[in-house]
Amino acid sequence: MDNRFFDNWSTQLRKGMLDLCILNAIKGTSLYGYDIVRKLRNIRGLVISEGTIYPILSRLKREGFVQTTIKESTEGPPRKYYELTDKGKTILSEMNGYWKDIKTGTDALKREE
Amino acid sequence: MINLSDSAKKCLDKYLQQVRTYLRGCKTVDADEVERNVIEHIESEFEGAAAAVSFEELDAVLQKLGSPKQWVPEEEIPWWRKIILRLRTGPEDWRLAYIAFGLFIVSFLVAKPPTWFAIVVSPVLILSGTAQGIFLLASFCVSRAALVVIANRDELGGRKWLIYPPLLFIYIPVAIVLFGWPTLLYKINNSVTEQRPELAEGLRVAAMGLWWIVLGLVFCIRPSLLRMIFRPFADKFKHKEAVLLMIIGLVLIILGIGGSALIYFQQTQSQ
């Protein structure tokens, strides 16, 4: 029962965190899909299925937060690179601020224990 | 382009085929784009591989990539697939609620001819062993099991719409029989009412009142009995309600006997 509770909770948390992490991963740079996956893979517990990142990238693109450019690759076929749009930069700044507040509040609660 | 072994190629084709199947009818996701993403991901994983990629190597990457279903945005999953998904992977308490409702619906579909008025005869259907009765009983049992899992009535939420119908189909006839059997079955066949049939109604009311006093007494001693029978509808039943039942029973006795006595004396006076 406790495991199920933890699984549900962590799934919900991951859903929200993935958007933030993807946007942060491409902040100030342009990366192609697999590069983003590789970066997020290093965060323990964040990426359960690597395929979940691509639909999020598509959604972020649809919502105008990221844009894509096709670039030739020396190692294979052309690759699609993702980078933040101005709208994406603005929302990311808001999201980071919001997350900082939540984290600070949570840490403060933990210290009170 | 990466070099895949035959079995790996078949595996990838199957995966992409499944992705396309799941994305069929999807408005916001381009299946071609997803396919390009999958292939790009796999090519990046095996970049620089000297030999042909084996089935096992590709399968491991696809496992990490995740189920083909995940490419469909949650808001675009059709309602019927959401139900199947919830039944297969959802939490137990939702699964049981869906199963209970499913069995309840089936109980109507198997009825020949459809017995839509089964609410008043469900115990008869069950006792006579008809297919409809068996499905009704099964849906009732699963609903009760779901209640045990959920435990707190306030947490039922939307599940009540799935669980309540099978419960009510059993509870309503059971309640009618439990509280009203003296009126349903009581036949006053003694010498008094044979001679004076006009007194029968009053005595019937009094008999029911007497029965309610007995019930009230039993439930006053063990209020948990009624709560258990009619869960979750009687969850708030306590001693106070049992006493109220006894009072109503007493009032019925007074009305029944008083009414009969009044009729009796009026008639004897007029004679």
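Notes on the structure follow. (Residues numbered from 1 in each chain as written. Chains lettered and ligands numbered in written order. Predicted model: local features only at pLDDT ≥ 70, side-chain atom pairs only at ≥ 80, totals over all residues. Heavy atoms only, no water.)

## Some points on the sheet that holds strand β3 (residues 79-84) of chain A
In plain terms, the rule: When DSSP finds two or more bridges between two strands, those strands count as paired. Secondary structure elements follow DSSP: runs of H or I of four or more residues count as helices, runs of E of two or more count as strands, with numbering from the N terminus. Whether two residues are in contact is decided by their heavy atoms: any pair within 4.5 Å suffices. For every element, the axis is a line fit to its C-alpha atoms; helices are fit only across the contacting stretch, and the angle between N-to-C directions ranges from 0 to 180 degrees.
Across the sheet, three strands lie side by side as β1-β3-β2 (chain A); this open sheet has antiparallel pairing. Strand pairing shows two members of the sheet lacking a second neighbour, β1 (31-32) and β2 (66-71) of chain A, which therefore form its edges. As paired strands, β2 of chain A and β3 of chain A are joined by six bridges and run antiparallel to one another. Bridging from a neighbouring strand, Thr 69 of chain A pairs with Tyr 81 of chain A of β3 of chain A. Each of β1 and β3 of chain A is contacted by helix α2 (residues 31-45) of chain B, which is oriented at about 105° to β3 of chain A, the strand it contacts most.

## Quick look at the environment of Thr 52 of chain A
Selection criterion: Categorising residues by exposure relies on relative accessible area from a 1.4 Å probe, with only protein chains included: less than 20% of the type maximum marks a residue as buried, more than 50% marks it as exposed, and the intermediate range marks it as partly exposed. By the criterion applied in these results, polar contacts are pairs of N or O atoms within 3.5 Å in which, for protein atoms, one can donate a hydrogen and the other can accept it, and in which residues neighboring in sequence qualify only through two side-chain atoms.
Relative to the elements of secondary structure, Thr 52 of chain A occurs in the loop between α2 (33-41) and α3 (53-62). A relative accessible area of 26% means that Thr 52 of chain A is categorised as partly exposed. On a C-alpha basis, the gap between Thr 52 of chain A and Val 37 of chain A in space is 9.5 Å, while along the polypeptide they are 15 residues apart. Filtering out sequence-adjacent residues up to four positions away, Thr 52 of chain A remains in contact with Leu 18 of chain A together with Leu 65 and Gln 70 of chain B. Side-chain polar atoms of Thr 52 of chain A contact the backbone oxygen of Ser 49 of chain A, separated by 2.6 Å.

## Quick look at the layout of surface pockets
Residue and element names in this part refer to chain A. What counts is decided by this rule: The method works on a 1 Å grid over the protein atoms by themselves. A cavity is a set of points holding a 1.4 Å probe that cannot get out, a pocket is an open set with protein on both sides within 12 Å along at least five of seven lines, and residues with an atom within 4 Å of a point line them. Grid points are joined across faces, edges and corners, and a volume is the space filled by probe spheres set on the points. Amino acid classes used here: Ala, Val, Leu, Ile, Met, Phe, Trp, Tyr, Cys and Pro are nonpolar; Asp, Glu, Lys and Arg are charged; the rest, including Gly, are polar.
Size it by volume and the second largest pocket reaches roughly 230 Å³. Ranked by the residues each element gives to the lining of the second largest pocket, the list is headed by helix α1 (residues 2-25), at seven residues. Of the residues that constitute the lining of the second largest pocket, the class distribution is eight nonpolar, two polar and two charged.

## Brief notes about the nonpolar core
Basically, it comes down to this: To define a nonpolar core, start from buried Ala, Val, Leu, Ile, Met, Phe, Trp, Tyr and Cys residues and group those joined through side-chain atoms within 4.5 Å.
Within the largest apolar cluster, 50 residues are counted, with the highest numbers of intra-cluster contacts made by Ile 36, Leu 40 and Ile 53 of chain A together with Leu 23, Val 38, Leu 58 and Trp 71 of chain B. Counting residues in each nonpolar core, the second largest holds 28 residues, with Ile 150, Leu 156, Leu 215 and Leu 252 of chain B among its members.

## Concerning the interface of chain A and chain B
To be explicit about the condition: Put simply, buried area is the surface a 1.4 Å probe can reach on two separate parts but cannot reach once they are joined, added for both. By salt bridge we mean one thing: a side-chain nitrogen of Lys or Arg within 4 Å of a carboxyl oxygen of Asp or Glu.
Listed per partner, the contact involves 21 residues of chain A and 18 residues of chain B. Across the chain A/chain B interface, buried area totals approximately 1800 Å², and carbon plus sulfur atoms make up 44% of it. On inspection of chain A and its partner chain B, the count reaches three salt bridges. Residue Glu 33 of chain B is joined to Lys 80 of chain A by a salt bridge in which the shortest nitrogen-to-oxygen separation is 2.9 Å. On inspection of chain A and its partner chain B, the count reaches eight residue pairs in polar contact (both at pLDDT 80 or more). If you list the elements that add at least two residues to the side of chain A that touches chain B, you get α1, α2, α3 and β3 of chain A.

## Description of a nonpolar patch on the surface
Residues and elements named next belong to chain B. This is how the line gets drawn: To count toward a patch, a residue needs a relative accessible area over 30% and no salt bridge; like charges are then connected within 9 Å, while nonpolar side chains (Val, Leu, Ile, Met, Phe, Trp, Tyr) are connected within 5 Å. To be clear on the numbers: accessible area is Shrake-Rupley with a 1.4 Å probe, and residue cover counts the displayed protein chains and nothing else.
Residues Val 205, Val 243, Ile 247, Val 251 and Leu 255 make up a contiguous nonpolar surface patch of roughly 400 Å² in combined accessible area. Among the elements that take part in the nonpolar patch, helix α12 (residues 239-270) stands out by supplying four residues, more than any other. The residue Val 243 is located in helix α12 in this model.

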